[in-house]
Structure formats: structure tokens, C-alpha cells
Amino acid sequence: MQAAVRASRRPPAGVSHQGSIWRCHQHARRPTRSARGSQSTSRSAISCSLPPYQPCGYVNPDHAAPEGMWCAPSFQLTETPEREVVREAVSGVPGAFHLRGVLGIDEAARIVSLAERMGFVEAEEPTTSEDRQNDALSWALHDSLCNTLSSRVLFALPSTVRTYNGARGDAEVDEMERIEETRRMLMGAGKDSTAMIRRADGAPEGMHRLVGLNARCRIYRYAADGKQRFPPHFDDVWPGARVFEQDGKCELGYSGWTYAASKEGKWAWQTGDSVSHLTMLLYLNEGFSDGETALLSSEDEPQGEVLISPTCGDALCFGQTFRLGRDAVDDSQYAVLHEGLPVTGSHPKYVLRTDVLYELPESS
């Protein structure tokens, strides 16, 4: 198996809450050739005076996505999904699970159509075996769209994540789990609660409470040429973000937490700041061959290779790591080494990738 690489979505240390706003009307990247096709308006935008999509720029260059950022204030999903959303565990991969039926087929197709109009930045020729090789774009989801998508999945996501340091002994962890089970029973959640306890070195210890999905997401396109892939990597956590609309423009504001340079150091955050714990991959189409998401063994999770075949409208969720480029920090429990395999056949593969956000524990 190839060496693991890490997603390059690491938040910079020292980012201030006010200094990490992205604006839609500055430094916009021109759309690629895939964005210059049909300009027909989606059904969700017909009665809206806002443009179907807008290019976004950045005030803080440290947060700039390499392929640029878009927003689509007029794009909407239906209020209720076509199917009942069902959660299923991924056999053999602790902490990973499917969410079946998050999007309808038509909704997924409209997202793909919009993404093609916004324009993908085509993958550059890789210089190493660790380079991502698929096409990509970044999309900031406005409030109503992000809330609608979140509302479909909240019931199936861990309602809380209690983090602890790996230096704690087994007896302390057992006591933590006993207290958490008692708390769930008193709240009426019972043993089937989706609450999670995980070892996360280099992260703030304590109770993280579910917020919803991150407004900042990415869409990947894998050409059906058998060449494009996303090599094995862990996803690092990311700060929560929200879109603010004003005068037809959009601004994306980030949580302002900063993390310590070492696992023993102190984090800094404000009340209400959020951090992700889980990745959500939302599959947007079928009709291609191969292109599985491979969940791979790592030092902490020796489960063997598990292949996930994409099903349009379904989502795959798994843990992220708080390592954030720090060599002294171990990967967090339930963080999954994964790979996007090449696609063959007659159709490309499309997948939307976002984060599940949790409010940080009360700061002492």
C-alpha cells in the first residue's frame, strides 16, 4: 500500500475570527472551459433575482482553495428528501457509516449540472505519487441550502463527541464510557445513541456538541479514463464556516480557533467556535465503472481494505484526525485512511465532500 498523505486543508495557526472572511466579489478566478457551456437556469433559481452562481474571492489568502471558490445563492433542495434517510454501519471499519437516501436522483443531477457550469479546475500532471489527480471546485453553501442538507442527516450523526488524550489510562477511559452511557440513558437515548467517545491527541479535551454540516465543501470529478485518483490520505479537521449574504454578495466567515504547535500546547477558541470531526462524502451519480472509495488499514485501525461502491444520493461518513501537520501528534481514533480509486467506463464520477461540525467544549 502506498504511503499515507494528508489532505492539504489545514487551517493556519493564528487565524483570527475577524481575519478569515472570504468575499465573493474580490479576486475571482475565471471559470474553466467546462463552465462556459449552457447557461440555462435550474428550476430552483427561476423565481430568484440572484444569479445562479457567483465566483468567490478571499480576504485571508491562507484559506484560499487552490481551485477557487463559488457560491450559488439561488440553488435549493426540496424541503424533504425523496426517501427516508437510513444509517448503516460500515462493516469492519469502526466509526464509519453510510447514510442512505440523502439526495434524490434529480437533486444530485442538478448539483452536477451546476458544478459543471461553475467550472472545475482540471487536475495538473502529478509530480509525485502522493498528488491528488482529480478535477475539483470549492463551493460555499448558503444558509438555507446548508440547513436543508443538515436537517436530513442530523438525527443519524453523533450528537456529541467526547475527546480525551491518549495518555489517559484504560481505567479512566472505561469510567468515561460508563458516565457517557449513564448520561445517554438519563436523556432517553439508550444504548443506541450515536454519541461518540474518541481518543484525539492534540485536541481540546471535553464534550463537543453537534452543529451540522460545514458550508465550505468541495466537489470532485474523476474522469472515466482510469487515470485520475486521490491517493491514500487522512482528512484533517477544519474550522466551521457560514455564508453571509449582503447586497447580492456572499461572504464566508470561519470559526477563529487556533491550535497548539504541539500536542501538549494550548488551543485558543471563542464560545460558539466549531471544528469538524467527520468527513461526509456525498455521491452525486452512478453509471461509471470502478471508482470505489477504498477504506484502508492504518497503524491504529488495521481493518484491511474495504471498498465502498458509490450509490447516487448516498453518503459515506468517517473520522478525521487532529494531527494538523504535527509530527508528535498521533492520528485520532476512528480517523480513516482512504483513497479515491480511478474510474473507467463512459461517465465521470462526481462526489461532494464536506465536514460534520461540532461546537468546541466550553473554554476554561
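Everything quoted here is computed from the prediction, not taken from an experiment.

Participant: Mind showing me how you'd approach the overall build of the protein chain here?
Facilitator: When helices and strands are counted, the protein chain shows three helices and 22 strands. Counting only residues that meet the buried cut, the protein chain has 55% of its 364 residues in that class. As displayed, the protein chain offers around 15,900 Å² of accessible surface, 48% of which is attributable to carbon and sulfur atoms.

Participant: It is not clear to me how the side chain of Arg353 should be interpreted in this structure. Could you clarify?
Facilitator: One can find Arg353 in strand β22 (residues 349-359). Arg353 gets classed as buried once you look at its relative accessible area, which sits at 3%. A polar atom in the side chain of Arg353 sits 3.3 Å from the side chain of Thr279. In this structure the side chain of Arg353 is engaged in a polar contact, spanning 2.6 Å, whose partner is the side chain of Asp355.

Participant: Teacher, can you tell me more about the side chain of Gln333 here?
Facilitator: Within the secondary structure layout, Gln333 lies in the loop between β19 (315-319) and β20 (337-340). For Gln333, the side chain forms a polar contact with the side chain of Tyr334, separated by 3.5 Å.

Participant: Help me understand helix α1 (residues 105-118) in this model?
Facilitator: Because the α-helix completes a turn every 3.6 residues, residues three or four places apart line up on one side. With 14 residues, α1 ought to run about 20 Å at 1.5 Å a step, and its terminal C-alpha atoms sit 20 Å apart, in line with that. Taken together, the buried positions of α1 are Glu107, Ala108, Arg110, Ile111, Val112, Leu114, Ala115, Glu116, Arg117 and Met118. Residues of α1 that are buried sit in contact with β4 (69-71), β7 (135-140), α2 (143-153), β11 (216-222) and β22. Remark: Gly119 follows α1 within two positions and exhibits a positive phi of approximately 105 degrees.

Participant: Just to check I follow, could you spell out the nonpolar core for this structure?
Facilitator: Buried together is how nonpolar side chains tend to be arranged in soluble globular proteins. In terms of nonpolar packing, the biggest core is built from 52 residues, with Leu99, Trp139, Ile219, Leu282 and Leu284 touching the most fellow members. The element best represented in this core is α1, accounting for six residues. Ranked by size, the runner-up nonpolar core spans 18 residues in total, among them Val93, Ala136, Phe230 and Leu295.

Participant: Looking at this structure, how should I read the packing of aromatic side chains?
Facilitator: To describe a pair of aromatic rings, you give the distance between the ring centres and the angle between the ring planes. For the structure on display, the rule yields nine aromatic pairs. Here the aromatic rings of Tyr53 and Trp70 are separated by 5.5 Å at their centres, their planes lie at 75 degrees, and the arrangement is edge-to-face. Note that Tyr53 is positioned in the loop between β2 (21-23) and β3 (54-56) and Trp70 in strand β4, a separation of 17 residues in sequence. Pair check on accessibility: Tyr53 and Trp70 agree, each one buried. One aromatic cluster is present, formed by Trp257, Tyr259, Trp267 and Phe322 through successive ring pairs. When the ring centre of Tyr222 is taken as origin, the NZ or CZ atom of Lys349, which lies over that ring, is 4.8 Å away.

Participant: Is there a simple way to think about the pattern of salt bridges in this case?
Facilitator: Pairs may arise between side chains of opposite charge once their charged atoms sit close together. On inspection of all chains with the given rule, the structure shows eleven salt bridges. Here Glu107 makes a salt bridge to Arg152, at a shortest N to O gap of 2.8 Å. Of this pair, Glu107 sits in helix α1 while Arg152 sits in helix α2, and the two are 45 residues apart along the sequence. Accessibility expressed as a relative area gives 2% for Glu107, which makes it buried. Taking relative accessible area as the criterion, Arg152 reaches 4% and is therefore assigned buried. Here Arg353 ties to Asp235 by a salt bridge, and the two come within 3.0 Å at their closest N and O atoms. Residue Arg353 is found in strand β22, and its partner Asp235 is found in the loop between β12 (230-234) and β13 (241-246); the two are separated by 118 residues along the sequence. Taken individually, Arg353 and Asp235 each receive the classification buried, so the pair is uniform in this respect.

Participant: Mind showing me how you'd approach unusual backbone geometry here?
Facilitator: The general pattern is negative phi for most residues beyond glycine and trans for most peptide bonds. With a phi close to 55 degrees, Leu324 is a non-glycine residue in the positive phi region. Residue position: Leu324 is located in the loop between β19 and β20. Its identity as a non-glycine residue notwithstanding, Tyr334 has a phi of 75 degrees, on the positive side. Considering the arrangement of structural elements, one finds Tyr334 in the loop between β19 and β20.

Participant: Looking at this model, I keep getting lost on the environment of Glu305. Mind explaining?
Facilitator: Tracing the backbone through its elements, the reader meets Glu305 in the loop between β17 (293-296) and β18 (306-308). With a relative accessible area of 55%, Glu305 lands in the exposed category. Here the alpha-carbon distance between Glu305 and Gly92, two residues 213 residues apart in the chain, equals 9.2 Å. Not counting residues up to four positions away in its chain, the partners in contact with Glu305 are Ala294, Leu295, Leu296 and Ser297.

Participant: Can you walk me through the confidence of the model for the protein chain in this structure?
Facilitator: Caution applies to low-pLDDT regions: their predicted coordinates should not be interpreted in detail. Summing up the model confidence of the protein chain, the mean pLDDT is 80 and the portion of residues at 70 or higher is 71%. Counted against residues more than four places away or in other chains, residues 1-49, with its pLDDT under 50, gives 146 contacts.

Participant: In this structure, what is going on with the pairing of strand β9 (residues 196-199)? I would like to understand it.
Facilitator: Along a regular strand, successive side chains alternate from one face of the sheet to the other. Residues Met196 and Arg198 of β9 are buried on one face, and the alternating residues Ile197 and Arg199, pointing to the opposite face, are buried as well. In this sheet, β9 lies alongside strand β8 (residues 160-164) in parallel orientation, the contact comprising four bridges. Each residue of the ladder has a partner; that of Thr163, found in β9, is Arg198.

Calculation criteria
- Residues numbered from 1 in each chain as written.
- Predicted model: local features only at pLDDT ≥ 70, side-chain atom pairs only at ≥ 80, totals over all residues.
- Heavy atoms only, no water.
- Helix = DSSP H or I, 4+ residues; strand = E, 2+ residues; numbered from the N terminus.
- Buried < 20%, exposed > 50% of the residue type's maximum accessible area, 1.4 Å probe, protein only.
- Areas by Shrake-Rupley, 256 points an atom, 1.4 Å probe, with all protein chains shown as cover.
- Polar contact = N/O pair within 3.5 Å; in protein donor to acceptor, adjacent residues only side chain to side chain.
- Expected span 1.5 Å × (residues − 1).
- Contact = heavy atoms within 4.5 Å.
- Core = buried A, V, L, I, M, F, W, Y, C linked by side-chain atoms within 4.5 Å.
- Phe/Tyr/Trp six-rings, centres within 6.5 Å; stacked < 30°, edge-to-face > 60°.
- Lys NZ or Arg CZ within 6 Å of the ring centre and 35° of its normal.
- Salt bridge = Lys/Arg side-chain N within 4 Å of Asp/Glu carboxyl O.
- pLDDT = per-residue confidence, 0-100.
- Pairing = 2+ DSSP bridges.

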